[in-house]
Amino acid sequence: MSRRQESLPRVAVIGAGSWGTTFGKVLADGGANVTMWARRAELAHEIEEAKRNSRYLPGINLPREMSATHHLSEALENADQIYLSVPSQTLRENLKAVRPLVSKTDVPIVSLMKGVEKRTGLRMSQVIQQELDCDPARIAVASGPNLALEIAREQPTAAVIASTSQETADAVARRARNRYFRSFVNTDVIGTEFGGVLKNLIAVAIGIVDGVGYGENTKASIITRGLVEMTDFAVAQGAQPETLQGLAGLGDLIATCQSPLSRNNTAGRLLGQGYSFQDVVKQMNQTAEGLASVAPVLQLARQAGIEMPIVEQVKRVLDGTMNPREIAPHLTTDDDEPKGERTQNGTAGGGGALWRSLQRTLDQLRNSGRRPPRDQP
């Protein structure tokens, strides 16, 4: 390690898949000395020696400020911040190994994951709090329109860092920013996390209708009605509706639904083409978090008395009880009774609220030097 690298802030990223490696690059390009932890020794060696991750980020050169190890203790040693990027369903298991190594520290722990635990229905920040037995003020979550390969190619984007502690959110946001990556902050952890989870489910629906061969009208309808479902669900869980109108909600929804780089969109497209759920899982090179989140999200929705017809139909396709071609006529309801168009959080109105949501997201991306009303830089 060079003298310059030794003087840089030290951060650890646990998980060297596409998103973990990309976020490590974001942090390194922002002025940090980054140590990646990879489960496989050969992947750690490639990142360490070749500054490449050819399996997950082909063609991307990684900064020299990034190193890697498959020894967890080495990755976490003297880290000023710790970022977690492992599949959501393996988080609890991974944290059991992390806990004794961080028990005497009070550094921020940042979740880069977008899922809910299938067995418990808990958000990732809740699993972190449970397993590390730490103050929730130490925990932050990152979310937004963040397709890994685009960011690795240094295409400009923005994200939201949320924590119940404004101080923690600010500290993480200052570290997670560079010339192509801008971080905003808020204190709505619930809304920020559920925005990242729920948009995956809508993206699976978009992929299904894409695979079937339906066009832009169908997809626009699902995105619009999907935002309603996302907002109603998140608010019922304690989120602020404004969060779902921002980068962690609408921004992420647009990016995930319209991009072939989206794993959830790809999984849905395979389902729409007639592949079974088991065949889709076999074909996917990486984890599509939305597939595992459908059942626990619907369970939480039923407990809160929230209707999520699009997500319900995604589950039926996953279960093999609905022909993918039948998802379009069932966009909002299974009965013929006319329904009011609710634009957000159960309120009626025209398209103005949705347009304001879209405009707000675009403004955040364009005017990164100004202070928006909720997600503050």
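Overview of the structure. Because the structure is predicted, anything quoted here is derived from the model rather than measured.

1. Looking at the packing of aromatic side chains
Inspection of the entire model under this criterion finds four aromatic pairs. For the pair Trp19 and Phe23, a centre-to-centre distance of 5.3 Å together with 75° between the ring planes defines the contact as edge-to-face. Here Trp19 and its partner Phe23 are both found in helix α2 (residues 18–29), four residues apart, which amounts to about one turn of the helix. Assigned by exposure class, Trp19 and Phe23 land together as buried. Ring centres of Phe23 and Phe181 lie 5.7 Å apart, and the angle between their planes is 85°; on these two criteria the pair is classed as edge-to-face. Here Phe23, found in helix α2, pairs with Phe181, found in strand β8 (residues 181–186); they are 158 residues apart in sequence, far enough to count as distant. We classify Phe23 as buried; its relative accessible area is 1%. Its relative accessible area of 1% is what places Phe181 among the buried residues. By the ring-pair criterion, three or more aromatic residues cluster together here, those being Trp19, Phe23, Tyr83 and Phe181. Geometry around Phe184 places Arg182 over its ring, the cationic atom sitting 5.4 Å from the centre.

2. A word on the pairing of strand β2 (residues 33–37)
The element β2 is extensively covered by neighbouring structure, given that five of its five residues are classed as buried. Of the two faces of β2, both are covered, the one formed by Asn33, Thr35 and Trp37 as well as the one formed by Val34 and Met36. In the sheet, strand β1 (residues 10–14) pairs with β2 via five bridges, with the strands oriented parallel. Pairing of Ala12 across the sheet is with Thr35, part of β2. Where the polypeptide runs from β1 across α2 and back to β2, its parallel neighbour, the crossover connection is right-handed. In the sheet, β2 pairs with strand β3 (residues 66–69) via four bridges, with the strands oriented parallel.

Analysis parameters
Residues numbered from 1 in each chain as written. Predicted model: local features only at pLDDT ≥ 70, side-chain atom pairs only at ≥ 80, totals over all residues. Heavy atoms only, no water. Phe/Tyr/Trp six-rings, centres within 6.5 Å; stacked < 30°, edge-to-face > 60°. Helix = DSSP H or I, 4+ residues; strand = E, 2+ residues; numbered from the N terminus. Buried < 20%, exposed > 50% of the residue type's maximum accessible area, 1.4 Å probe, protein only. Lys NZ or Arg CZ within 6 Å of the ring centre and 35° of its normal. Pairing = 2+ DSSP bridges. Right-handed = clockwise from strand over helix to strand, strands pointing away.

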